[in-house]
Amino acid sequence: HNELERLMIFKLLKTTCTQCGLEDKRVVLLITSDDIPTPAHMAVVQDLLVAGSVGHWYSSEDRVQIMNAMRSIILKSGLLFTEDLAWEMFNSNILRNIRVVLTFPAVDGHAFQRCVRLFPAVVSAPSLIIEDHWSQEIMIDT
């Protein structure tokens, strides 16, 4: 059951990254502590945030499709197509367009502590906003 959930999260992240990389879509992934029931789930998110490269997530068939899409994007921009440039631009687009928001309830400090212990790289350089109560003004300003 947990493996199926991990694969579903992985597939969602992969699809989202493809949209960010090829279609230049901006995406915010909101992940609550309930969405991370096991370390395997968080490991997929950490892979994206820490590695900054998701090429290994894709099959050779997926890679060919991505290369073909990136080829037209690169040629339209007036650059000379190379596979290295295509992957560099694809990954750059992903990192520029995706934001991950992890939320933990204030009453459950243990979930946050567990996440920090198991995945220190995920929380090593984030922007943190800690609010006990989210008023309408805070939500609008933030």
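These numbers were taken from a predicted model, which means no experiment stands behind them.

**Student:** What is the right way to look at the overall build of the protein chain in this model?
**Tutor:** The helix and strand inventory of the protein chain stands at six helices and two strands. The linear arrangement of helices and strands in the protein chain, starting from the amino end, is α-β-α-α-α-β-α-α. Relative to its full complement of 142 residues, the protein chain shows a buried share of 28%. A separation of at least 24 residues holds for 69% of the contacts in the protein chain among residues at least 6 apart in sequence. In the structure as shown, the protein chain presents an accessible area of about 9400 Å², 57% of it carried by carbon and sulfur atoms.

**Student:** Help me understand unusual backbone geometry, please; the structure alone is not making it clear to me.
**Tutor:** Trans is the prevailing form of peptide bonds, just as negative phi is the prevailing case for residues other than glycine. For D24, which is not glycine, the phi dihedral falls at a positive 55°. Mapping D24 onto the fold places it in the loop between α1 (2-22) and β1 (27-32).

**Student:** I tried to follow the nonpolar core on my own but got confused; where do I start?
**Tutor:** Among soluble globular proteins, nonpolar side chains are generally buried collectively. Grouped together as the largest cluster of nonpolar side chains are 27 residues, with contacts concentrated most on C17, L48, V54, W57, Y58, F90 and I94. Sorting elements by how many residues they give to this core places helix α4 (residues 83-97) first, with five residues. Excluding anything up to four places from it in sequence, C17 contacts L48, V54, W57, Y58, F90, I94 and I98.

**Student:** Is there a simple way to explain the packing of helix α3 (residues 60-76) against α4 in this structure?
**Tutor:** It is the contact of α3 with α4, at a shortest axis distance of 9 Å, that shows an interaxial angle of 90°. In terms of orientation, α3 and α4 fall into the roughly perpendicular class. Contact with α3, carried on its side by R63, I66, M67, M70, I73 and I74, involves E83, L85, A86, W87, M89, F90 and N93 of α4 and no other residues of that element. Broken down by class, the residue content of the contact of α3 with α4 amounts to ten nonpolar, one polar and two charged.

**Student:** Can you walk me through the pairing of β1 in this structure?
**Tutor:** A regular strand places its side chains on the two faces of the sheet in alternate fashion. With burial as the criterion, only one face of β1 is covered, namely that bearing V27, L29 and I31; the residues V28, L30 and T32 on the opposite face remain uncovered. The pairing of β1 with strand β2 (residues 98-103) spans six bridges and is parallel. If you follow I31 over to β2, its bridge partner there is L102.

**Student:** When you look at the side chain of T16 in this model, what are you seeing that I'm missing?
**Tutor:** Examined against the element boundaries, T16 turns out to sit in helix α1. According to the relative accessible area criterion, T16 is buried, its value standing at 6%. Setting aside residues no more than four positions away along its own chain, T16 makes contact with V27, L29 and I98.

Thresholds, definitions, all that
Residues numbered from 1 in each chain as written. Predicted model: local features only at pLDDT ≥ 70, side-chain atom pairs only at ≥ 80, totals over all residues. Heavy atoms only, no water. Helix = DSSP H or I, 4+ residues; strand = E, 2+ residues; numbered from the N terminus. Buried < 20%, exposed > 50% of the residue type's maximum accessible area, 1.4 Å probe, protein only. Contact = heavy atoms within 4.5 Å. Areas by Shrake-Rupley, 256 points an atom, 1.4 Å probe, with all protein chains shown as cover. Core = buried A, V, L, I, M, F, W, Y, C linked by side-chain atoms within 4.5 Å. Axes fitted to C-alpha atoms, helices over the stretch in contact; angles between N-to-C directions. Parallel < 35°, antiparallel > 145°, perpendicular 65-115°, else oblique. Nonpolar A, V, L, I, M, F, W, Y, C, P; charged D, E, K, R; others polar. Pairing = 2+ DSSP bridges.

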